[in-house]
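One-letter residues, chain by chain:
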Amino acid sequence: MLRDRRILLAVTGGVAAYKAVYLARRLLERGAEIEVIMTEAARRFVGEQTFAAISGRPVSTDLFGSSRVSPHTELAGWAEVIVVAPATAATMARLAAGLSEDLVTATLLASEAPVLLAPAMHTEMWQHPATQRNVERLKADGHQFIGPAEGSLAGGDEGPGRMIEPDEIVAAVEAILTGPLKGWRVLVSAGGTREPIDPVRYIGNRSSGKMGYAIASVAAARGADVLLVTSSTLPPPAGVELFRVETAEEMAAQVWNLAPGVDVAVLTAAVADFRPAKEIDSKLRRRDGVPELVLESTPDILAGVAALDDRPFLVGFAAETGSLDGARRKAMEKGVDLLVANDVSEPGSGFGTETNRVTIIRPDGASDEWPLLDKRQVADRLWDLVAQIRQS
Ligand code: CTP
């Protein structure tokens, strides 16, 4: 959480300024106090009135003519962290050169607070040696960067230069201010496994991998080293080390190989419990009649991690339909530190959705029901909780 943390949001002139509005909102929702400053160019993209309405405070845009005596030094001293989003090539160049000709650069120069820059510009501008030189210089000055991401850019171009999504910026701010996951090595499993019947068919399930990806993404943005073992084909979140697998057997081998030596393992994957006992190497033909499938058990990956001598802090997931009694039993019997249970038959919860309503169950059976949240918000809360338990 960012309760009462003082965050200065500096918006500079790029199309991505519209995303800074959502960023301001998300920071406020996390309990932060925010002040917004803008460059003249930023005001051409988004009006200061929008930010003022969201933050509930007037927005400063000028070194002169403000109600404050010395706006840049007052804001510089007030801020616990300064987020520049979007950070344009021009602002980065001014900052790297130590110029202080507008309120944003003057405030940055006057502040000792950590600075997080979220660059946004066209690929050519980002890759230009001058910009890269400025980035290196700013890093050497102690400034931190998040992004840019790859993706579609204004004007229909594609490539690196897109501002990273606001939720990832929020998590990075949290990492700077609270830093609970810095130095943590985290393992996340995600997706539903596929167990081959023949070369074209498999037994699978409806898991999309979105919950696990949100958990991996938030952990990475908060500063953890994240290993993501996944059978999902979603594009990987920024900053994680990816291990693609398909079957329960492959996932087990990868997870068991990586688990010794991690601090926390969050196993969200919907692993098949059964697989065809024998894989048929050529396609089953209709004319050969209805095949009889004999199934066998897959390895219990979670049990293998729980049995490690020096096991990591272990979070299991349980997708249930209807009552959560089965999940309560799993929380007590599976050797986990936390179990995240959800009823996948409930609307808005579970497989493929953007949201989830989960119940957190402790090994002693104590449980806490969380409201319907975005998967990303569930991930935020989960990491808050894991950090709190591990630090107590
Ligand atoms: N899991 C696992 N290996 C398996 C099956 C499940 O590691 N072969 C993990 C999941 O990633 C999840 C937890 O175990 O974190 C609970 O999964 P679930 O399928 O609900 O547990 P089961 O013991 O298979 O229970 P059920 O009787 O409901 O199938």
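Values in this document were obtained by computation on a predicted structure and should not be read as measured data.

Participant: Just checking my understanding: could you explain the sheet that holds strand β3 (residues 81-87) for this structure?
Facilitator: Whenever strands of a sheet pair, they do so through backbone hydrogen bonds, lying parallel or antiparallel. The sheet built from five strands is open, its strands ordered β2-β1-β3-β4-β5 with parallel pairing. Looking along the sheet, the strands with just one partner apiece sit at the ends: β2 (33-38) and β5 (144-145). Direction of pairing for strand β1 (residues 6-11) relative to β3: parallel, over a ladder of four bridges. Opposite Ala 10, over in β3, you have Val 84 as the bridge partner. Its contacts with the sheet put helix α3 (residues 48-55) on β1 and β2, and the angle it makes with β2 is roughly 175 degrees.

Participant: In this structure, what is going on with the site of the ligand? I would like to understand it.
Facilitator: Lining the immediate surroundings of the ligand are 15 residues, of which Leu 267, Ala 269, Leu 302, Lys 330 and Lys 334 lie closest. Ala 269 has a polar backbone atom sitting 2.7 Å from an oxygen atom of the ligand. Separating a nitrogen atom of the ligand from a backbone N or O atom of Ile 301 is a distance of 3.0 Å. For the shell around the ligand, the element with the most residues is strand β16 (residues 313-320), which contributes three residues.

Participant: I'm lost on the nonpolar core in this one. Help?
Facilitator: Within soluble globular proteins, side chains that are nonpolar generally end up buried alongside one another. Core analysis: the biggest nonpolar cluster contains 35 residues, and Ile 7, Leu 9, Val 11, Leu 27, Phe 51, Ile 169 and Val 173 have the highest contact counts within it. Other than its neighbours up to four places away in sequence, Phe 51 contacts Leu 9, Val 11, Ala 17, Ala 20, Val 21, Ala 24, Val 36, Met 38, Val 46, Gly 56 and Val 59. In this structure, Met 211, Ala 216, Val 226 and Leu 382 belong to the second largest nonpolar core, which totals 34 residues.

Participant: Where do I start with the sheet that holds strand β19 (residues 358-361) in this structure?
Facilitator: Within the open sheet, the eight strands sit side by side as β12-β11-β8-β13-β16-β17-β19-β20. Their pairing is mixed. Of all the strands in the sheet, the pair left with one neighbour each is β12 (240-244) and β20 (367-369). Across the sheet, the mean angle from the axis of one strand to that of its neighbour is 15 degrees, orientation sign disregarded. Relative to β16, helix α13 (residues 325-333) is tilted by about 160 degrees, and along the sheet it contacts β16, β17 (338-343), β19 and β20.

Participant: For this particular structure, what's the right way to read the domain arrangement of the chain?
Facilitator: How big an interface is tends to be reported as the loss of accessible area on association of its parts. Each assigned domain of the chain is listed with its residue range as follows: domain 1 (6-178) and domain 2 (185-391). Using only C-alpha atoms to locate each centre, domain 1 and domain 2 end up separated by 36 Å. Counting residues at the interface gives ten residues for domain 1, matched by ten residues for domain 2. Summing the contributions of domain 1 and of domain 2, the shared interface buries around 780 Å²; its carbon and sulfur component is 45%.

Participant: Just to check I follow, could you spell out the pairing of strand β4 (residues 115-119) for this structure?
Facilitator: Note on strand geometry: in a regular strand, side chains alternate between the two faces of the sheet. Extensive coverage of β4 is indicated by the burial of five of its five residues. Note: β3 against β4, four bridges, orientation parallel. The residue bridging Val 83 from the neighbouring strand is Leu 116, located in β4. Of the pairings in the sheet, the one linking β4 to β5 comprises two bridges and is parallel in character. Within the sheet, the bridge partner assigned to Leu 117 lies in β5 and is Phe 145.

Participant: Where do I start with the packing of helix α1 (residues 17-29) against helix α9 (residues 166-177) in this structure?
Facilitator: Between two packed helices, both the angle of their axes relative to each other and the distance between the axes serve to describe the pair. Close contact between α1 and α9 brings their axes to 9 Å; oriented N to C, the two are set at 45 degrees. Judged on the interaxial angle alone, α9 and α1 are oblique. Of the two possible hands of crossing, α1 and α9 adopt the one that is right-handed. Residues Lys 19, Tyr 22, Leu 23, Arg 26 and Leu 27 of α1 touch α9, and the partners they reach there are Pro 166, Asp 167, Ile 169, Val 170 and Val 173. Residue classes in the contact of α1 with α9 are distributed as seven nonpolar, no polar and three charged.

Participant: Even after reading the chapter, I still don't get helix α10 (residues 210-221), so can you show me in this structure?
Facilitator: Note that an α-helix has 3.6 residues per turn; residues three or four places apart therefore point the same way. With twelve residues, α10 extends 16 Å from end C-alpha to end C-alpha; this agrees with the ideal 16 Å at 1.5 Å per step. Taken across its twelve residues, α10 has eleven buried, putting it largely inside the fold. Phi for Gly 223, located one or two positions after α10, is positive at around 105 degrees.

Participant: Whenever I open this one, helix α8 (residues 129-140) confuses me. Can you help?
Facilitator: For α8, built from twelve residues, the straight-helix expectation of 16 Å at 1.5 Å per residue is met to within 8% by its first-to-last C-alpha distance of 16 Å. Among the residues making up α8, those that are buried are Thr 131, Asn 134, Val 135 and Leu 138. Looking down the long axis of α8, one finds its buried residues gathered within 105 degrees of arc, a one-sided arrangement. Seen from the open side of α8, the exposed residues pointing more than 90 degrees away from its buried face are Pro 129, Arg 133 and Ala 140. The inward-facing, buried residues of α8 contact α5 (89-97), β4, α7 (123-127) and β5.

Participant: Would you mind showing me how to read the packing of aromatic side chains here?
Facilitator: Each pair of aromatic rings is reported with the distance of its centres and the angle of its planes. In this structure the tally under the stated criterion is one aromatic pair. Centroid distance Trp 184 to Trp 383: 6.4 Å. Interplanar angle 70 degrees. Geometry classified as edge-to-face. Residue Trp 184 is located in the loop between α9 and β8 (185-190), and its partner Trp 383 is located in helix α14 (residues 375-391); the two are separated by 199 residues in the primary sequence. Each member of the pair, Trp 184 as well as Trp 383, carries the same accessibility label: buried. Directly above the ring of Trp 184 sits Arg 390, whose terminal nitrogen or CZ lies 4.4 Å from the centroid.

What counts as what
Residues numbered from 1 in each chain as written. Predicted model: local features only at pLDDT ≥ 70, side-chain atom pairs only at ≥ 80, totals over all residues. Heavy atoms only, no water. Pairing = 2+ DSSP bridges. Helix = DSSP H or I, 4+ residues; strand = E, 2+ residues; numbered from the N terminus. Contact = heavy atoms within 4.5 Å. Axes fitted to C-alpha atoms, helices over the stretch in contact; angles between N-to-C directions. Near = heavy atom within 4 Å. Polar contact = N/O pair within 3.5 Å; in protein donor to acceptor, adjacent residues only side chain to side chain. Core = buried A, V, L, I, M, F, W, Y, C linked by side-chain atoms within 4.5 Å. Buried < 20%, exposed > 50% of the residue type's maximum accessible area, 1.4 Å probe, protein only. Domains from an automatic or database assignment. Buried area = accessible area lost by both parts, 1.4 Å probe. Parallel < 35°, antiparallel > 145°, perpendicular 65-115°, else oblique. Left-handed = near helix turned anticlockwise from the far one by under 90°. Nonpolar A, V, L, I, M, F, W, Y, C, P; charged D, E, K, R; others polar. Expected span 1.5 Å × (residues − 1). Arc of directions from axis to C-beta. Phe/Tyr/Trp six-rings, centres within 6.5 Å; stacked < 30°, edge-to-face > 60°. Lys NZ or Arg CZ within 6 Å of the ring centre and 35° of its normal.

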